[in-house]
Each structure stands twice: as C-alpha cells, then as structure tokens.
Amino acid sequence: TRCDTTASILCRTGDNRTLSTVCRVMEGTIKVGVVQLCSTDDADANFRQCQGFVAEACSAGCELVCFPECFDWILSTGIEATKAKAEPLNGALLTRYRALAAQHSLWLSLGGFHERPEDGDDGKIANTHALVSPTGAIVATYRKTHLFDVDTADGCFLESGFTRAGEELVVAGPVGRAGCFLGLSTCYDVRFPALYTALREAGADVLLVPSAFMVSTGTAHWEVLLRARAIESQCFVVASAQAGQHNSKRRSYGHTMVVDPWGQVVFQADGMTEGLFTAVLDGTGLAGVRQKMPVVQHARKDLYGKAGKVTKIVLASDIAPGDPL
C-alpha cells in the first residue's frame, strides 16, 4: 500500500535550477487535533487518556491527531529502565494505538515512541515518530536524527548515551481529503533549519514537531523556533507538546502550538493544561503565501548547496481495508 522513493517531486525553471514542489500543495482543508499531555511512567494510564482524546477528535471531525514526544511514557528511574521498557514497533503497546486509529478511522502521528530496534545489537533504543493510517497500518517511521546532548538550566542531558540517531528524513502523504504531505521530525530537530528545508523541497505541506521541551529552553526559544521554521519553509507547523510535572525529576514546557505558513500563531496552549486542541489547515492560504513570495525559486543553491536526502513515502489513494494491525 505504499511506494518508497528517494526522489523529490521536482519543478524546473529556465535556468535549470531545481525547485521545490511549488507546482502542488494540499487542496482544500484538513482539521487536525493536537494533543498536549503530561505523560507518566504508567503506559496503561497514558493510553487511556490518549484513547479519550482520539474519541473526542473523531467527534470533532478531525482527520489527523498528533501526539507529543514520549506520549507512551516518561520514567524517572534512569537510562537502563528506559531501555528495558522500550518495545518494538510490533509490540503490544503500539499495537493498541494502531487499533485505536482503526477504530476511529483517523490518522495518528505518534511522535517520540521509545522503540527497541530489531537490530539493537548496540543496546540502544530509537526515538521514533510513527505515522499510522486510518486502517491501523504504520505507513511511515522517522527516527530522530538530532539527539539532545546538551547542558541546560534544567540539567545535563545525553540522549545519545541510550538512543541511536536516525539516518533518514521522511515526508509522507497524501493524508486526508486535502491530500496533504507531512514532514516528520521530533523536538530538538527544530533547531536545525536545513532539515525543514529538505522536507519542504520533498513536498511537505505540514511540518510535525512533537516535543517534550525543557522549561528553560522552551521559555527562551520554543515559539520563535516554530515560527521561524514555518516562515522559512512556508509550511504549516504543528507542534504537540508535553506539559507540566511528570515526576520529581522531570518537567516539560508545554505550549502546544500551530503556526501558519506566514508565521502567525494559530493557537498556543498554556504550560500546564492537558487536552485536545483543534485547528483547520487551509491549502488555499498555503498556496497564496508560496505564490506571492516564491522564496524557493529565489534560493541560490549554486552558492549554498542542496537540501539533504529525503525518503518520500507516497501512499496509495485508498489504504486497503485489509492492512494488518
């Protein structure tokens, strides 16, 4: 039900410079549900909460529901416990979320799943953003490429100590009646604009940034980073977030946000409230921004290089109902 390629959709001008997908954008609108969570170490309780939000999104007419990084669980007991609790993509926990997508016939963006890779000989897990179709099929996976090895006011972090960096960028679609293409990313990735340039050039209409930002870095940079990525890529940005006090050792910034292609904040949650927020993303507005300010055509790739390699996952127009969970 899918075709994987490594080539972007290309347009060309008279001087033969390669352009982005300025000749196609999503058509019509898609209603998106964006969830803000305060995940704990109880995966069952977290699932029940997510289950309620998916049912609410279905009732609200959403076609896509986006969850934050670490939607599955957040522990306070250290690296070894985190590695031990991780599951493969075909494990029991993600299977429950896939069944939830199928039950409500919705797309789910599950950003930041603690995955135990099948070839995990190095003992490390992957921070995996999975896109699940309305039939419950995992149609795309992106493994976080930029790992959070930093010293912040909230503490020192070494994500690479237990997490394997991904080696592939991913755009997947079409999703929903609008036929939008989603550029997948996770949290700390948002600080690396070249990644999002590559996703735009591979056809992304919407950039997904599921996150669990620290309070100190979020206060300083969260909004400006998300707005900058929207402005320079001329894409919608949908950033679901963890919020509040998870345990005695961990607190997240929250402020789940949707930004339009002109850089305007469509909505922003607070730093504590868990809930489902909805937004309607309009392809007409997206096309208008790109046509009136055609930055992709103006880009001087002859001076500052090409965007990175992206795997573009083009789904069948109708995912087969018999796709296995």
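It should be emphasised that the depicted structure is a prediction, and the values quoted were computed from it without experimental measurement.

A. Representation of the overall build of the protein chain. Within the protein chain one finds eight helices and 20 strands. Per-residue burial over the protein chain gives 55% buried out of 325 residues. Summarising the internal contacts of the protein chain: among those between residues at least 6 apart in sequence, 72% fall at separations of at least 24. Working note: accessible area of the protein chain is about 13300 Å², and carbon and sulfur atoms make up 53% of it.

B. Inspection of the nonpolar core at higher detail. Met26, Ile30, Leu182, Leu199, Leu226, Val238 and Leu281 are the most contacted members of the largest nonpolar core, which totals 58 residues. In terms of residues, this core owes the most to one element, strand S11 (residues 169–175), which gives five residues. If you look at the next biggest cluster of nonpolar residues, it comprises 26 residues, including Cys50, Ala57, Leu93 and Phe113.

C. How the structure looks around helix H6 (residues 283–292). Taken together, the buried positions of H6 are occupied by Gly283, Leu286, Ala287, Gly288, Val289 and Arg290. Those residues of H6 hidden inside the fold are in contact with helix H4 (193–201), helix H5 (215–233), strand S14 (236–239) and strand S19 (275–282). The N-cap of H6, judged by a side-chain oxygen 2.9 Å from the amide nitrogen of Thr284 a few residues on, is Asp282.

D. Representation of the layout of surface pockets within the structure. Reported here for the largest pocket is a volume of approximately 800 Å³. Forming the boundary of the largest pocket are 35 residues, of which Cys70, Phe157, Phe162, Met214 and Arg250 lie nearest the centre. Secondary-structure elements contributing two or more residues to the lining of the largest pocket are helix H2 (79–85), strand S10 (155–158) and H5. The element contributing the most residues to the lining of the largest pocket is S10, with four residues. The residue inventory of the lining of the largest pocket, partitioned by class, reads 17 nonpolar, 10 polar and eight charged.

E. Looking closely at the sheet that holds strand S6 (residues 107–115). Strand order across the open sheet formed by six strands is S8-S7-S6-S5-S4-S19, with mixed pairing between neighbours. A single partner strand is all that each edge strand has here, and the edge strands are strand S8 (138–143) and S19. This sheet shows a mean twist of 25° between the axes of neighbouring strands, independent of strand direction. Here strand S4 (residues 29–36) pairs with strand S5 (residues 64–67) via three bridges, running parallel. Bridge assignment links Gly33 to a residue of S5, and that residue is Val65.

F. Spotlight on the packing of H4 against H5. Following both chains from N to C, one finds H4 and H5 inclined at 40°, their axes separated by 10 Å at the closest point. If you check the angle between H4 and H5, you find them oblique. Taken as a pair, H4 and H5 cross one another with a handedness that is right-handed. Between H4 and H5, the contacting residues are Pro193, Tyr196 and Arg200 on the first element and Arg229, Glu232 and Ser233 on the second. Each residue belonging to the contact of H4 with H5 can be placed in one class, and the counts come to two nonpolar, one polar and three charged.

G. Spatial organisation of the packing of helix H1 (residues 43–59) against helix H3 (residues 92–104). Direction vectors running N to C along H1 and H3 enclose 15°, while the axes themselves pass 10 Å from each other. On the basis of the axis angle, H1 is roughly parallel to H3. Pair H1 / H3 crosses with right-handed handedness. Contacts from Ala43, Asp44, Asn46, Phe47, Cys50, Gln51, Val54, Ala55 and Cys58 in H1 reach Leu93, Arg96, Tyr97, Leu100 and His104 in H3. Taken together, the residues that form the contact of H1 with H3 break down as nine nonpolar, three polar and two charged.

H. Highlighting the packing of aromatic side chains. Counting across every chain of the model gives nine aromatic pairs. Between Phe67 and Phe71, the aromatic rings sit 6.5 Å apart at their centres with planes inclined by 40°, giving tilted as the arrangement. As far as the burial class goes, Phe67 and Phe71 line up, both buried. Seen in terms of ring centroids, Phe71 and Tyr97 are 5.0 Å apart; in terms of plane orientation they differ by 85°. Their pairing is edge-to-face.

I. Seen up close, the environment of Gly285. With respect to the element layout, Gly285 can be found in helix H6. Given the relative accessible area of 39%, Gly285 is considered partly exposed. For the pair formed by Gly285 and Gly28, sequence separation is 257 residues and the distance between their alpha carbons is 9.6 Å.

The rules behind each value
Residues numbered from 1 in each chain as written. Predicted model: local features only at pLDDT ≥ 70, side-chain atom pairs only at ≥ 80, totals over all residues. Heavy atoms only, no water. Helix = DSSP H or I, 4+ residues; strand = E, 2+ residues; numbered from the N terminus. Buried < 20%, exposed > 50% of the residue type's maximum accessible area, 1.4 Å probe, protein only. Contact = heavy atoms within 4.5 Å. Areas by Shrake-Rupley, 256 points an atom, 1.4 Å probe, with all protein chains shown as cover. Core = buried A, V, L, I, M, F, W, Y, C linked by side-chain atoms within 4.5 Å. Polar contact = N/O pair within 3.5 Å; in protein donor to acceptor, adjacent residues only side chain to side chain. 1 Å grid on protein atoms, 1.4 Å probe; cavity = no way out; pocket = protein on both sides within 12 Å on 5 of 7 lines; lining within 4 Å. Points joined across faces, edges and corners; volume = space filled by probe spheres on them. Nonpolar A, V, L, I, M, F, W, Y, C, P; charged D, E, K, R; others polar. Pairing = 2+ DSSP bridges. Axes fitted to C-alpha atoms, helices over the stretch in contact; angles between N-to-C directions. Parallel < 35°, antiparallel > 145°, perpendicular 65-115°, else oblique. Left-handed = near helix turned anticlockwise from the far one by under 90°. Phe/Tyr/Trp six-rings, centres within 6.5 Å; stacked < 30°, edge-to-face > 60°.

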